[in-house]
Amino acid sequence: MEIHQVNAKQGLQWILSGFYLFRKAPLAWVFVCFTLMLIAISMSLVPLLGKFIFTLISPIFLAGIMMGCKDMEQQGRPLDISHLFMAFKTNPVPLITIGGIYLIGQILIIGLVILVGGSQMTDMLLYGKRVDESELMGVMSNMLTASLLTLVLSIPLMMASWFSPLLVIFHNIPPIVAMQKSFFACLRNFIPFQLYGITLILLTILSIMPYGVGLVILIPTIFTSIYVSYKDIFLGEPLRFKNNESGHDYQQANWTDITEEPKKDEAETKQQSPTSENKIIASDSGELVPCAHCNLLVSRKEAIEEKEQFFCSEEHRKLYQSVDKSSS
């Protein structure tokens, strides 16, 4: 499977195209995302194991949502709550494997952060323990180092997990290989993902301001933008809908291709109708006549004439006669 490198502006276009996909069924998207958040909150209430279990099965939920995006685009089916659990019925084991690898990575990162930050930072963050002013600078320094370490290690883990559920569910790729492809796809398109991430951060800030109401739109748009970016990077295809009669593409990177399609169609129609074109030329010029077998324009003086028909060669005359006899 080829990994395409796209333009930097596609990072913004993924969000715009994702919003268009959300706009096709906004109520359904809000209901599905609300259900997923309700499941996450409910499982987090379970002591110790709740968050771990949700991390394990979260790729299954993501794969189901991506299947819903595909059904909306290619089959014109509306999104419904069944899409959220659809991946549980298909191939959940590789998706759980991806969740397990991601969970192990998170545990290792947390362990390194605690090791670097020390017990004082852990007590201050978890239990609210106060620190003396003499020790405050050391604790803050350790906290900054731990934060940078978390950022450096979490980004590659997120890159490896970003597309892997889609590659497993759509292409039946093994989970380890899927995570490798996902990592290199994000790495190869690092600049578009930078623009994508910065835009999402700004949109998140704006969405939180009015009492978090904007998240109702932003969260579904993030899910749909994942599907759009997958199509752009791995398939090299824009977002298209089956019920779109005009065949318009909803991805700005391919708009130039659309303007070229009429020219291609015009050239194809010209190539597909050489007979009529040749006859017109022949009628305009008294010296050229079309071969009855291959329609090649030849000089009337050099052509072989038989029964008011012309041939460019004796071989074509015999072939034409044999075809004529077999048809009769």
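Keep in mind that this is a model prediction, so the values were computed, not measured.

## What to know about the nonpolar core
General note: in soluble globular proteins, nonpolar side chains tend to be found buried as a group. Counting 55 residues, the largest nonpolar core has Trp29, Met66 and Phe163 as its most contacted members. Per element, the largest residue contribution to this core is 10 residues, and it comes from helix α3 (residues 49–75). Dropping the residues within four chain positions of it, Phe163 is found in contact with Ser182, Ala185, Cys186, Phe193, Ile226, Ser229, Tyr230, Ile233 and Phe234.

## So, the confidence of the model for the protein
Mean pLDDT over the protein works out to 80, with 78% of the residues at or above the 70 mark. Highest mean pLDDT in the protein belongs to helix α8 (residues 175–188) (95); lowest belongs to helix α12 (residues 274–284) (41). Counting contacts from residues 244–285, a segment whose pLDDT is below 50, to residues more than four positions away or on other chains yields 36 contacts.

## Topic: the packing of aromatic side chains
Inspection of every chain in the model, using the stated rule, returns 16 aromatic pairs. Seen from their ring centres, Phe85 and Phe88 are 6.5 Å apart, and the 35 degrees between their planes marks the pair as tilted. Residue classification places Phe88 among the partly exposed residues on the basis of a relative accessible area of 33%.

## A few points about the environment of Met158
Along the polypeptide, Met158 turns up in helix α6 (residues 133–162). Classification of Met158 as partly exposed rests on a relative accessible area of 45%. The spatial distance from the C-alpha of Met158 to the C-alpha of Cys186 is 9.5 Å, given a sequence separation of 28 residues.

## What about unusual backbone geometry?
Even without a glycine there, the phi angle at Asn172 is positive, about 55 degrees. Mapping Asn172 onto the fold places it in the loop between α7 (164–171) and α8. On the basis of relative accessibility, which here comes to 59%, the residue Asn172 falls in the exposed class.

Cut-offs applied
- Residues numbered from 1 in each chain as written.
- Predicted model: local features only at pLDDT ≥ 70, side-chain atom pairs only at ≥ 80, totals over all residues.
- Heavy atoms only, no water.
- Core = buried A, V, L, I, M, F, W, Y, C linked by side-chain atoms within 4.5 Å.
- Buried < 20%, exposed > 50% of the residue type's maximum accessible area, 1.4 Å probe, protein only.
- Helix = DSSP H or I, 4+ residues; strand = E, 2+ residues; numbered from the N terminus.
- Contact = heavy atoms within 4.5 Å.
- pLDDT = per-residue confidence, 0-100.
- Phe/Tyr/Trp six-rings, centres within 6.5 Å; stacked < 30°, edge-to-face > 60°.

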